[in-house]
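What the coordinates show
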Amino acid sequence: MNPRRTWLLFSLIRIGLFAVVLAILLLLLTPGGVPAWISALLAAIIAFCLSFIFLRRQREEAAKSLYEARVSTKRSQSSASGDDEDSEDAAVDGTAVDGAAADKQP
């Protein structure tokens, strides 16, 4: 699955879950005198718990896509730096060989 689609789907499900829980809490608690910010705080905690319990597969897919993106970025950076290091080593070895040859000649 596309990593962007995975993250978008996971985020939309979590936001939707928060919105549903918040709507339920606002309908049930606000007329009784509970402030809306407390309902929002409770909705965030409840939605987090529900998403942790029921969205394990989506969370693992999102984490896997993040890991793969990070590994591929490190590989591309290390291969680019490896090419630079090889050319630097060749340049240093070339001057070291020339310098050693110049020292041996009287």
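Below or above, wherever it landed, is the structure these notes cover.

Conventions used here
Each chain has its residues counted from 1, following the order in which its sequence is written. Confidence filtering applies because this is a predicted model: local features only for residues at pLDDT of at least 70, side-chain atom pairs given and counted only at 80 or more, and all residues used for totals across whole chains, interfaces and linings. Computation of side-chain values covers all heavy atoms of the structure but excludes hydrogens and water. A run of DSSP states H or I qualifies as a helix once it reaches four residues; a run of E qualifies as a strand once it reaches two. Both are numbered from the N-terminal end. Here the expected length of a helix is defined as 1.5 Å per residue gap, with one fewer gap than residues. Per-residue accessibility, obtained with a 1.4 Å probe over protein chains only, is compared with the maximum for each type, and a residue is labelled buried under 20%, exposed over 50%, and partly exposed between these values. In this description, one arc is meant: the one made by directions from the helix axis to the C-beta atoms. Salt bridge, as used here, is a side-chain nitrogen of Lys or Arg placed within 4 Å of a carboxyl oxygen of Asp or Glu.

Right, let's get into helix H2 (residues 36-54). In a regular helix each residue adds 1.5 Å, so 19 residues correspond to 27 Å; H2 covers 26 Å between its end C-alpha atoms and thus fits that length. Inspection of H2 places Ser39, Ala43, Ala47 and Ser51 among the buried residues, and these make up the whole buried set. Down the axis of H2, the sector holding all buried residues measures 90°, keeping them to one side. Away from its buried face by more than 90 degrees, H2 exposes Trp37, Phe52 and Ile53.

Further remarks concern the pattern of salt bridges. Under the counting rule described, the total for this entry stands at one salt bridge. The partner of Glu60 in a salt bridge is Arg56, with the nearest N and O atoms 3.4 Å apart. One end of the pair is Glu60 and the other is Arg56, both in helix H3 (residues 56-104) and four residues apart, which spans about a single turn.

Keep in mind these values describe shape, not function.
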